[in-house]
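Below are the chains, spelled out letter by letter.
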Amino acid sequence: TEKSPSDAFAAVKPLLEKHCFSCHGPEKQEGNLRLDTLQGLSVGGKTGAVLVPGKADESLLITAIRRTDPTLEMPRLDRVPVHPATTKFAIDGV
């Protein structure tokens, strides 16, 4: 069953809060990206929407934490890394 956007956001929000909100949250939005709201994920930042519910491999969020695109490597190396499988599970529910 395909997840709704709100289900996908609820599943991934604890990971985003722990690893991303300091740079992409209510107080600071690097790259014009805000990850603390569903609207922020849907609208995205300079590169567009970051979450494709039920399709983690198409989500810029997964691309960023897998570090497969040098322009989207997140979180920064000075922060604790996020395991892609954890976020993929949260998005896909697989």
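Placed above this text is the structure.
Residues numbered from 1 in each chain as written. Predicted model: local features only at pLDDT ≥ 70, side-chain atom pairs only at ≥ 80, totals over all residues. Heavy atoms only, no water.

Draft legend 1. The pattern of salt bridges, seen in detail. On inspection of all chains with the given rule, the structure shows 2 salt bridges. The shortest N-O distance in the salt bridge between Glu-30 and Lys-28 comes to 3.2 Å. For the salt bridge of Asp-36 with Arg-34, the shortest nitrogen-to-oxygen distance reads 2.7 Å. Asp-36 sits in the buried class, given a relative accessible area of 12%. With relative accessibility at 31%, the residue Arg-34 sits in the partly exposed group. (Salt bridge = Lys/Arg side-chain N within 4 Å of Asp/Glu carboxyl O. Buried < 20%, exposed > 50% of the residue type's maximum accessible area, 1.4 Å probe, protein only.)

Draft legend 2. Fine view of the environment of Val-43. Here Val-43 shows up in helix H3 (residues 38–43). Owing to a relative accessible area of 54%, Val-43 belongs among the exposed residues under this scheme. Linking Val-43 and Asn-32, residues 11 residues apart in sequence, is a C-alpha distance of 9.9 Å. If near-sequence neighbours (up to four positions away) are discounted, Val-43 is found in contact with Gly-48 and Ala-49. (Helix = DSSP H or I, 4+ residues; strand = E, 2+ residues; numbered from the N terminus. Contact = heavy atoms within 4.5 Å.)

Draft legend 3. Here's a closer look at the environment of Arg-34. On the secondary structure map, Arg-34 appears in the loop between helix H2 (21–24) and H3. C-alpha separation for the pair Arg-34 and Gly-44, spaced 10 residues apart in sequence, amounts to 6.9 Å. Discounting chain neighbours no more than four positions away, the residues touching Arg-34 are His-24, Gly-25, Pro-26, Gln-29, Gly-40 and Leu-41. Among the polar contacts listed, one links the side chain of Arg-34 to the side chain of Asp-36, at a separation of 2.7 Å. (Polar contact = N/O pair within 3.5 Å; in protein donor to acceptor, adjacent residues only side chain to side chain.)

Draft legend 4. Molecular detail of the nonpolar core. In this structure, Ala-8, Phe-9, Val-12, Leu-16, Cys-20, Phe-21, Leu-33, Leu-35, Leu-41, Val-50, Leu-51 and Leu-61 together form the largest nonpolar core, which totals 12 residues. Those residues in contact with Val-50 that sit more than four places away from it in its chain are Leu-33, Leu-35, Leu-41, Ser-59, Leu-60 and Leu-61. (Core = buried A, V, L, I, M, F, W, Y, C linked by side-chain atoms within 4.5 Å.)

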